[in-house]
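Next come the chains, spelled out residue by residue.
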Amino acid sequence: MTATKQRLFEATLKLAGSRGLVGLTVDDIAAEAGVAKGTVYYNFGSKDGLIDALLRYGVGQLADRLREHEAEPDPVTGLESLVDTGLQFIAEYRGFSQILVSEMWRTPGQWHETLTLMREEVVSIVKAQLQRVADAGRLPPEVDVSTAAAGLFGTLLVVALDWQVFQTQRSRAEVRDSVLMLLRGFTTRADATDPPDAVTRGARRRPGSPRPAPRH
């Protein structure tokens, strides 16, 4: 990406974070970036072209970071690292994350189709990591991995933005554990004799191993 394009992206993120996408104009973006209006048209063709490129670029960056944990030997550790990386990305690009939350579930929305396709890319990465956890016998068999992946992604976005706006005193580790409570809840309901955090600490018993005695 050229330096000029990077400036335009950053200007759009800054303005959209406080004003939203719909009300932005090319004049606004160019002025914030310190470039001529014609520069926007030269690089992207239109404001819509700039927004579309911004969304694709941002989601692509997020997806690349999440994929870094696919080779983690322990799938649960990989899942925790994935969530932590997602939180780090949202903290770094809060304006972009606000755009995702505000536009992804806006129906109908101008960029809904683009965001739907990109959402599927990110959710598929989360789903693959969750499937590794399930294959290791560390998710209850009745948990639908596709639904859990979509829920985890949505929870990650909303909880992370709440952290950035209203709970800045919390550490990223604390927020990560809050997000992972989604999966801990699945585990607790499926097998009340297992520790509540079994799914995130590798404590769930292996298939075929004896069930722990109930506590009194």
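*Asks:* Please clarify how the packing of helix 6 (residues 94–104) against helix 7 (residues 112–135) should be interpreted in this entry.
*Replies:* What describes two packed helices is the angle between their axes and the distance between those same axes. Relative orientation of the contacting elements helix 6 and helix 7 amounts to 115 degrees, with a least axis distance of 10 Å. When the axes of helix 6 and helix 7 are compared, the pair comes out roughly perpendicular. Once helix 6 is placed against helix 7, the crossing between them reads as left-handed. Every residue of helix 7 that contacts helix 6 at L100, E103 and M104 is listed here: H112, L115 and R119. Its residues assigned to classes, the contact of helix 6 with helix 7 shows three nonpolar, one polar and two charged.

*Asks:* So what exactly am I meant to see when it comes to the environment of S97 here?
*Replies:* Its place among the elements puts S97 in helix 6. C-alpha of S97 to C-alpha of A160: the two residues are 63 residues apart in sequence and 9.0 Å apart in space. Discounting chain neighbours no more than four positions away, the residues touching S97 are I90 and L161.

*Asks:* Would you explain empty space enclosed by the protein in this entry?
*Replies:* In this approach a probe as big as a water molecule rolls over the atoms, and the regions it shows empty are the leftover space. According to the stated counting rule, one finds three cavities of 30 Å³ or more in the structure shown. The space that makes up the largest cavity amounts to roughly 100 Å³. Residue lining of the largest cavity: Q6, F9, E10, L13, L54, Y57, G58, Q61, F89, Y93 and F96, and that is the complete set. Put simply, the parts of the chain that give the lining of the largest cavity at least two residues each are helix 1 (3–19) and helix 4 (47–67).

What counts and how
Residues numbered from 1 in each chain as written. Predicted model: local features only at pLDDT ≥ 70, side-chain atom pairs only at ≥ 80, totals over all residues. Heavy atoms only, no water. Axes fitted to C-alpha atoms, helices over the stretch in contact; angles between N-to-C directions. Helix = DSSP H or I, 4+ residues; strand = E, 2+ residues; numbered from the N terminus. Parallel < 35°, antiparallel > 145°, perpendicular 65-115°, else oblique. Left-handed = near helix turned anticlockwise from the far one by under 90°. Contact = heavy atoms within 4.5 Å. Nonpolar A, V, L, I, M, F, W, Y, C, P; charged D, E, K, R; others polar. 1 Å grid on protein atoms, 1.4 Å probe; cavity = no way out; pocket = protein on both sides within 12 Å on 5 of 7 lines; lining within 4 Å. Points joined across faces, edges and corners; volume = space filled by probe spheres on them.

These results come straight from atomic positions and should not be treated as a statement about function.
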